[in-house]
Amino acid sequence: MKRLSLILALAIFLAGGAIGAMSAPAQAQYGYNYPPPPQNIYATPWVGPQTPWVFYQGDWFLNGVMYNFFGNKYGWAPYYTYAPAYIVRPHNWYAPKWQTWYKRNPHYWQNFRRQYPYWAGHKPGRRYDEKFYNRHHHGQGEGWHRGYHGVRPPEAGHGGPPR
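Remember, it's a predicted structure, so these values are computed and weren't measured experimentally.

Caption draft 1: Inspection of the overall build of the protein chain at higher detail. Regarding its fold elements, the protein chain presents six helices and four strands. The buried share of the protein chain, reckoned over its 163 residues, is 39%. Counting contacts in the protein chain only where the partners sit at least 6 residues apart, residues at least 24 apart contribute 57% of the total. Approximately 10,000 Å² of the protein chain is accessible, and the part contributed by carbon and sulfur atoms is 58%.

In structure tokens, the structure reads:
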């Protein structure tokens, strides 16, 4: 009986170790070291299960709205908030590693294409005008080139670049 208990305890211990090894972070599976989700998941793009962000055709989208990076002082904001001259494209946010994650999780792109068909012809660096904003995002945010007062990372400033 003692021997059976010892074997059973050893089997449970080994099975627990195998389960623990299998539940390693997803980023390790792909050979990239993806950062964990930020505290405020809407403040900066990230990849991983349940992310509200989608990296599509070379740009980041949050719930169907393209976001651009306006530098460390102003952070991420919807495409319509400031003039395109203020967009900063840091390589680490537009890196090939994001493509790898999405290729392994194609349902994010499939859902995005189905929910937001008007982005189908999007290409990186393409600029959209006020007419596009009024057609697809009218009433969101403060309006065309009127700044951004949404959720910001703590290190970002308020207001935005001059218009």
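Caption draft 2: View of the nonpolar core. Tyr56, Trp60, Tyr79, Tyr102 and Trp119 are the most contacted members of the largest nonpolar core, which totals 27 residues. Among the secondary structure elements, those contributing two or more residues to this core are strand 1 (53-56), strand 2 (59-62), strand 3 (65-69), helix 4 (96-104), helix 5 (107-115) and helix 6 (130-136). Sequence-distant contacts of Tyr56, that is, excluding residues within four places in its chain, are made with Phe61, Trp109, Phe112, Arg113, Trp119, Ala120 and His122. Among the nonpolar cores identified, the runner-up in size contains five residues, and Tyr74, Ala77, Tyr82 and Ile87 belong to it.

Caption draft 3: Representation of the packing of aromatic side chains within the structure. Within this structure, the stated rule accounts for 27 aromatic pairs. Consider the rings of Trp53 and Tyr67, whose centres lie 5.3 Å apart with planes at 80 degrees: the pair is edge-to-face. A residue pair is termed long-range when its members are at least 10 positions apart, and Trp53 in strand 1 and Tyr67 in strand 3 qualify at 14 residues. This pair shows no difference in class: Trp53 is buried, exactly as Tyr67 is. Pairing Phe70 with Tyr82 gives two aromatic rings, centres 4.9 Å apart and planes at 80 degrees, and the pair type is edge-to-face.

Caption draft 4: Spatial organisation of the sheet that holds strand 2. The strand order across the open sheet built from four strands is 1-2-3-4, with neighbouring strands paired in antiparallel fashion. Taken across any chain shown, the strands that pair with only one partner, and hence form the sheet edges, are strand 1 and strand 4 (76-78). Adjacent strand axes in the sheet meet at a mean angle of 40 degrees, parallel and antiparallel pairs treated alike. In this sheet, strand 2 lies alongside strand 1 in antiparallel orientation, the contact comprising four bridges. Its bridge partner being in strand 2, Val54 is matched across the sheet by Phe61. Along the sheet, helix 5 makes contact with strand 1 and strand 2, crossing strand 1 at roughly 90 degrees.

What counts as what
Residues numbered from 1 in each chain as written. Predicted model: local features only at pLDDT ≥ 70, side-chain atom pairs only at ≥ 80, totals over all residues. Heavy atoms only, no water. Helix = DSSP H or I, 4+ residues; strand = E, 2+ residues; numbered from the N terminus. Buried < 20%, exposed > 50% of the residue type's maximum accessible area, 1.4 Å probe, protein only. Contact = heavy atoms within 4.5 Å. Areas by Shrake-Rupley, 256 points an atom, 1.4 Å probe, with all protein chains shown as cover. Core = buried A, V, L, I, M, F, W, Y, C linked by side-chain atoms within 4.5 Å. Phe/Tyr/Trp six-rings, centres within 6.5 Å; stacked < 30°, edge-to-face > 60°. Pairing = 2+ DSSP bridges. Axes fitted to C-alpha atoms, helices over the stretch in contact; angles between N-to-C directions.

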